[in-house]
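Observations on the model geometry
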Amino acid sequence: MTERTRTQGWWREAVIYQVYPRSYRDTDGDGVGDLPGIASRLDHLAELGVDAVWISPIYPSPMADFGYDVADYTGIDPLFGTMADFDALLAAAHGRGLKVILDFVPNHSSEAHPWFVESRSSHDNRRRDWYIWRDAAPEGGPPTNWQSASGGPAWEWDGGTGQYYLHTFLPEQPDLNWRNPEVRAAMLDAMRFWFKKGVDGFRLDVVYHCVKDAEFREDPVNPDHEPAIDPPFGAVIRTHSSDQPEVMPLVVEPMRALADEMGGRLLIGEIYLPPARLMRYYGTDGSGVQLPFNFALVFADWNAGALRDLILGYERLLPEGGWPNWVLGNHDQSRIATRIGPGGARLAAVLLLAGLRGTPTIYYGDEIGMEDVPIPPDRVRDPWERNMPGLGEGRDPCRTPMRWTDGRGAGFCAPDVKPWLPIGTVGPDGTVAAQADAPGSMLTLHQALLRLRRTHPALHRGDYEAIDVQGDVLLVVRRAKGERIAVALNFGDRMAEVALPSDVTGVLLGAQDAARPSAKLLRLPLRAAAIVALAV
Ligand code: GLC
């Protein structure tokens, strides 16, 4: 495979949509979403205009981390349905031209996975080395100071065999030992199983954590850590417990070789690293993941200057042939409409789907402006909230049921069913049904943006001609194939006047009277956006 074919593909012009399956639609009355529920809503995705759906884990799991603790990498948890349900969903999605991306969890399994059950049974079990076992430190206690992302030390004592095992997340999620070739082969076999079924790609859960320091050195202590306000994992800097040079050769490159061998499959890496360190995961000559998730917007300051610097900084670091990608939120982060308010979320949607070069990922519910739902203490489900109370680490608020219709159950579940997380107060406008035909709704904005994106090469593959700041306005000019399109976003709370590099030839989106097409000037009301075609 040549470098060119490795860095080209359907995913470059695609828009990805993440479904958190527990919260999409419940069809069997248990208050938890399921595969038939997703299948029943494929029309929504087709009408929205996305190209691929990424589904968070659906494998058999004790659900200690709601599916990110996998007990069988090639099965379907009965909570979500059957393998026949999955096959039907895949066929139905493909029938509508939608790609399906599954979540693969390589760093750890569930403690209930038969591999771990064997591994912990004795020192000489054939799978002992499939996980990471260490003796206690000479002075007693955990072998290193490594911290779990889910709260507390990353080592759990196993009384039965008198050793500690490593868990970068919950104790119920023991880390697999990717230095063991049998583990690598078994995990690649699991991926092959789904690829053979026709799955179009994987999102690789915390793939940068997969290999740890061979010498088990202590992580440096973080001098800036404030235990009262910072989560406990921030007490150390993950120098030796994450992002090791061996992740590429031992984990990512073999996965990419398999994805290529199966033909045109996509790998997305979930990698929370600063851009400079993230870029390594593209690999050389397309040997890494095609899309290492870029979370810069999740942590951004939403003002024109900061966004310009962030976009330029990211673009500057991109390796040759590397295709950008952008994310506003996911099942681990506070929702965009809560982070920057409903008006800000509209601007963010325009930026994500028209302003920015690269593959965007939309988090379910963001297309109707869903906000975080407050979770009363007796409804908390996320173990992170339980382990790190009050530190803002709980993820239930952004995982609440999708709001399809008004009324009890919100079309997520039957009215008499208790949903696994509260639905919150459903305003009459906050549903898919209400927004579907409402001009100016968040949903119709998304539909319009995705239609525009699809029809204009400048938007789905165009380069940047300019990324400028004029006062509170971010002005992005993109071009492709004799087409120039300006995307102007007013982050301020005053009317702004924007000077364009050439005359407006048409208003593609935004208040029709916002633009004065004969001039190089655009008037932009407070917190508004416009997309205009420019003279070439
Ligand atoms: C990823 C997932 C998160 C999960 C963790 C452990 O960050 O997105 O939900 O808890 O990995 O698998």
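Within any chain, residue numbers begin from 1 and follow the written order of that chain's sequence. It should be noted that, the model being predicted, local features are given only for residues of pLDDT at least 70 and side-chain atom pairs only at 80 or more, the latter also being counted only at that level, while totals for whole chains, interfaces and linings use all residues. The side-chain quantities take in all heavy atoms of the structure and omit both hydrogens and water.

Side note on the packing of aromatic side chains
The geometry of two aromatic rings is summed up by the distance between their centres and the angle between their planes. Stacked, edge-to-face and tilted labels apply to pairs of Phe, Tyr and Trp rings (six-membered ring for Trp) whose centres lie within 6.5 Å, assigned for plane angles under 30 degrees, over 60, and everything in between, in that order. A complete count under the given rule lists 29 aromatic pairs for this structure. The interplanar angle of 55° and the centroid separation of 5.1 Å between the aromatic rings of phenylalanine 66 and tryptophan 420 together place this pair among those described as tilted. With phenylalanine 66 in the loop between strand E2 (52-55) and helix H4 (83-95) and tryptophan 420 in the loop between helix H11 (383-387) and helix H12 (432-436), the pair connects residues that are 354 residues apart, well separated along the chain. Residues phenylalanine 66 and tryptophan 420 agree in their burial class; the two are buried. Members of the aromatic cluster, each reached through a chain of ring pairs, are Tyr73, Phe104, Trp115, Trp130, Phe195 and Phe202. Helix and strand labels come from DSSP, where a helix needs a run of H or I of at least four residues and a strand needs a run of E of at least two; each type is numbered from the N terminus. Relative accessibility decides the category of a residue: with a 1.4 Å probe and only protein chains considered, values under 20% of the type maximum give buried, values over 50% give exposed, and everything between is partly exposed.

Observations regarding empty space enclosed by the protein
Computed over the protein atoms alone on a 1 Å grid, cavities are sets of points where a 1.4 Å probe fits but cannot get out and pockets are open sets with protein on both sides within 12 Å along at least five of seven lines; a residue lines them when it has an atom within 4 Å of a point. Grid points are joined across faces, edges and corners, and a volume is the space filled by probe spheres set on the points. Evaluation of the coordinates by the stated rule reveals three cavities of 30 Å³ or more. In this structure, the largest cavity occupies an estimated 100 Å³ of space. Lining the largest cavity are 16 residues, with Thr7, Tyr282, Gly286, Gly321 and Gly322 positioned closest to its centre. The calculated volume of the second largest cavity comes to roughly 60 Å³. Taken together, Leu328, Ile336, Ala345, Ala349, Leu352, Thr361, Ile362, Tyr363, Asp366, Met442 and His446 form the lining of the second largest cavity. Of all elements in the fold, only helix H10 (336-355), strand E11 (359-363) and helix H13 (442-455) reach the threshold of two or more residues within the lining of the second largest cavity. The greatest single-element share of the lining of the second largest cavity, amounting to four residues, is contributed by H10. Side-chain classes are defined by residue name, with Ala, Val, Leu, Ile, Met, Phe, Trp, Tyr, Cys and Pro counting as nonpolar, Asp, Glu, Lys and Arg as charged, and the others, Gly among them, as polar. Residue composition of the lining of the second largest cavity, by class: eight nonpolar, two polar and one charged.

Concerning helix H6 (residues 181-197)
Since the α-helix advances by 3.6 residues per turn, residues separated by three or four positions end up pointing in the same direction. Compared with the 24 Å implied by 1.5 Å per residue over 17 residues, the 25 Å span of H6 between its first and last C-alpha is a close match. Those residues of H6 not exposed but buried are Val183, Ala186, Met187, Leu188, Ala190, Met191, Trp194 and Phe195. For this analysis, residues touch if any pair of their heavy atoms sits within 4.5 Å. Where H6 is buried, its residues contact H4, strand E3 (99-104), helix H5 (114-119), strand E7 (201-204), helix H7 (247-261) and strand E8 (266-269). The backbone nitrogen of glutamate 182 has a side-chain oxygen 2.7 Å away, supplied by the residue at the start of H6, namely asparagine 180. Glycine 198, located one to two residues past H6, shows a positive phi value of around 110°. The length a helix should cover is 1.5 Å for every residue beyond the first. N or O atoms within 3.5 Å of each other form a polar contact, as long as, within protein, one can give a hydrogen and the other can take it, and as long as residues adjacent in sequence are counted only when both atoms are side-chain atoms.

A short note on the side chain of aspartate 26
Relative to the elements of secondary structure, aspartate 26 occurs in the loop between strand E1 (16-19) and helix H2 (35-39). Only four residue types enter the tally: Lys and Arg on the positive side, Asp and Glu on the negative side, with His and both chain ends excluded. Just to be clear on terms, a salt bridge is a Lys or Arg side-chain nitrogen sitting within 4 Å of an Asp or Glu carboxyl oxygen. Despite its burial, aspartate 26 pairs with no opposite charge, the nearest such side chain being arginine 25 at 8.3 Å. At 2.8 Å, the side chain of aspartate 26 and the backbone nitrogen of glycine 31 are in polar contact. Apart from the residues within four sequence positions on either side, aspartate 26 is in contact with Gly31, Val32, Gly33, Asp34, Phe412, Cys413 and Val417.

Here's the deal with the layout of surface pockets
Space inside the largest pocket adds up to approximately 1,000 Å³. Together, 42 residues line the largest pocket, and Tyr208, Phe233, Arg238, Tyr272 and Gln333 are the ones closest to its centre. At three residues, helix H8 (residues 275-278) tops the list of elements feeding residues into the lining of the largest pocket. Among the residues forming the lining of the largest pocket, the class breakdown is 21 nonpolar, 12 polar and nine charged.

A few points about the sheet that holds strand E4 (residues 133-134)
Strand order in this open sheet of three strands is E4-E6-E5, and the pairing throughout is antiparallel. This sheet does not close on itself; its edge strands, each paired only once, are E4 and strand E5 (155-158). Strand pairing is assigned whenever DSSP identifies at least 2 bridges connecting the two strands. In the sheet, E5 pairs with strand E6 (residues 163-166) via four bridges, with the strands oriented antiparallel. When the bridges of E6 are listed, aspartate 158 appears paired with glutamine 163.

Some remarks on the packing of H6 against H7
Note on method: axes are straight lines fitted to C-alpha atoms, helices fitted across the in-contact stretch only, with angles between N-to-C directions ranging 0 to 180 degrees. Look at H6 against H7: their axes get within 11 Å of each other, and the N-to-C directions meet at 30°. It follows that H6 is roughly parallel to H7 by the angle criterion. Seen from above, H6 lies across H7 with right-handed handedness. Contacts from Arg184, Leu188, Met191, Arg192 and Phe195 in H6 reach Leu250, Pro254, Met255, Leu258, Ala259 and Glu261 in H7. Throughout this description, any angle smaller than 35 degrees is read as roughly parallel, any larger than 145 degrees as roughly antiparallel, any in the 65 to 115 degree range as roughly perpendicular, and the remainder as oblique. Each crossing gets its hand from how the near helix is turned against the far one by less than a right angle, where anticlockwise is left-handed and clockwise is right-handed.

Details of the site of the ligand
Near residues are defined by distance, with any heavy atom within 4 Å of the molecule or strand qualifying the residue. Around the ligand sit 14 residues, and of these Asp65, Asp205, Glu270, His331 and Asp332 come closest. Interatomic distance of 2.5 Å between a side-chain N/O atom of aspartate 332 and an oxygen atom of the ligand. In isolation the ligand has 300 Å² of accessible area, and contact with the protein removes 98% of it. Here the ligand occupies the largest pocket. Considering only residue class, the shell around the ligand consists of four nonpolar, three polar and seven charged. Each accessible area is a Shrake-Rupley result for a 1.4 Å probe, and residues are judged covered by the shown protein chains and nothing else. By definition, a pocket or cavity contains a molecule when more than half of the molecule's atoms lie within 2 Å of the pocket's grid points.

A short note on the packing of H10 against H13
Each pair of packed helices can be described by the angle between their axes along with the distance between the axes. Packing of H10 against H13 leaves a shortest axis separation of 10 Å and a crossing angle of 15°. Relative to H13, H10 is oriented roughly parallel. As H10 runs across H13, the sense of the crossing is right-handed. Here Ala345, Arg346, Ala349, Val350, Leu352, Leu353 and Ala354 of H10 come into contact with H13, specifically with Met442, Leu445, His446, Leu449, Leu450 and Arg453. In terms of residue class, the contact of H10 with H13 is built from 10 nonpolar, one polar and two charged.

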